[in-house]
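Listed below, chain by chain, are the residues.
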Amino acid sequence: MSLPDAGERVPLSCPTCSPDEPTVHEVLKPGGHSTVRCTECGHVHKENVEIPDETEMNVVVSQDGDSVSTEVPVPVGTTIEIGDEFIVDTPEAIQLVRITGIEVGPEQRADEAEVADVKTVWTRVVDNVAVNVTIHPKDGKREDTRSVTVNVPGDYEFVVGETEAFGDEEVEIEGLVVRSDAPEYRHGKLDHPGDMVYAKDAKRVYARDQTSTAWSAW
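Fair warning: this is a prediction, and the values are worked out from it, not measured in the lab. (Residues numbered from 1 in each chain as written. Predicted model: local features only at pLDDT ≥ 70, side-chain atom pairs only at ≥ 80, totals over all residues. Heavy atoms only, no water.)

## Some thoughts on the environment of Lys203
Phase 1: Its location among the elements puts Lys203 in strand β20 (residues 202-209).
Phase 2: A residue is classified by how much of its surface remains accessible, and Lys203, at 52% relative accessible area, is exposed.
Phase 3: The residues contacting Lys203, other than those within four sequence positions of it, are Asn132, Val177, Val178 and Arg179. (Helix = DSSP H or I, 4+ residues; strand = E, 2+ residues; numbered from the N terminus. Buried < 20%, exposed > 50% of the residue type's maximum accessible area, 1.4 Å probe, protein only. Contact = heavy atoms within 4.5 Å.)

## Side note on the sheet that holds strand β1 (residues 9-14)
Phase 1: The strand order across the open sheet built from 4 strands is β1-β2-β3-β4, with neighbouring strands paired in antiparallel fashion. Here the strands that pair on one side only, and so sit at the sheet edges, are β1 and β4 (44-47). With strand direction ignored, the average angle separating the axes of adjacent strands in the sheet is 50°.
Phase 2: Pairing geometry for strand β3 (residues 34-38) and β4, over 4 bridges, is antiparallel. (Pairing = 2+ DSSP bridges. Axes fitted to C-alpha atoms, helices over the stretch in contact; angles between N-to-C directions.)

## A look at unusual backbone geometry
Phase 1: Even without glycine at this site, Asp64 takes up a positive phi of about 55°.
Phase 2: Structurally, the position occupied by Asp64 is in the loop between β5 (54-63) and β6 (66-75).
Phase 3: Notably, Glu107 is not glycine yet its phi reads approximately 55°, a positive angle.
Phase 4: A relative accessible area of 82% means that Glu107 is categorised as exposed.

## Topic: the environment of Ala199
Phase 1: Locating Ala199 in the fold gives a position in the loop between β19 (196-198) and β20.
Phase 2: A relative accessible area of 2% means that Ala199 is categorised as buried.
Phase 3: As for Ala199 and Thr211, which are separated by 12 residues in sequence, their C-alpha atoms are 23 Å apart.
Phase 4: Once residues within four sequence positions are removed from consideration, Ala199 is found in contact with Val129, Val131, Val152, Pro153, Gly154, Tyr156 and Phe158.

## Regarding the pairing of strand β9 (residues 94-105)
Phase 1: The pairing of strand β8 (residues 85-89) with β9 spans 5 bridges and is antiparallel. Counted as the bridge partner of Phe86 is Val97 from β9.
Phase 2: With antiparallel pairing between neighbouring strands as the criterion, β8 and β9 make up a hairpin whose turn holds 4 residues.
Phase 3: Note that β9 and strand β12 (residues 120-125) share 6 bridges and pair antiparallel. Its bridge partner lying in β12, Arg98 is registered against Arg124.

This is the structure in structure tokens:
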């Protein structure tokens, strides 16, 4: 553990605006009890702040078929697992990513590992994502089924039974296929009215064209 430097930003609870959840604080005066300022409300208070020692983790970031390698500082002793999300700062952008694979040796993968044992972490961008949508025609002509790709924020909600408009496309959501790395869904295929999947968790969306008597292959 080490003490923070002046100007460094650290996550701390704020007694004024956020006593239960950490907010970003700026260190004004380092020391045994550092003087810090909440960046949310401006409240200044003293806290015992220690920064854990860090190590570099090799991370491969994938988005829309392209990949870039970078290194991310993480506290020594940290354990990571498939599905974890964290921020990666690359020369191209600051992005939220999700762990999709953990390599701990040549052709050796793990669902969970301590960073000291990790060779490479494979991730995909989840703050802005491309989602494949299969659109069935209303007139029942299967040959007219088509696929489109929509780009939406990762926390965009696809809900079975709701109507969506993407450009000139207006469709009703019929079914959702969930990605294997997505947490907390009851199973991989959802087709009941009201079922919801976040865009970052959606492998494919099935929908019915609202512009052109409906059939469903779901």
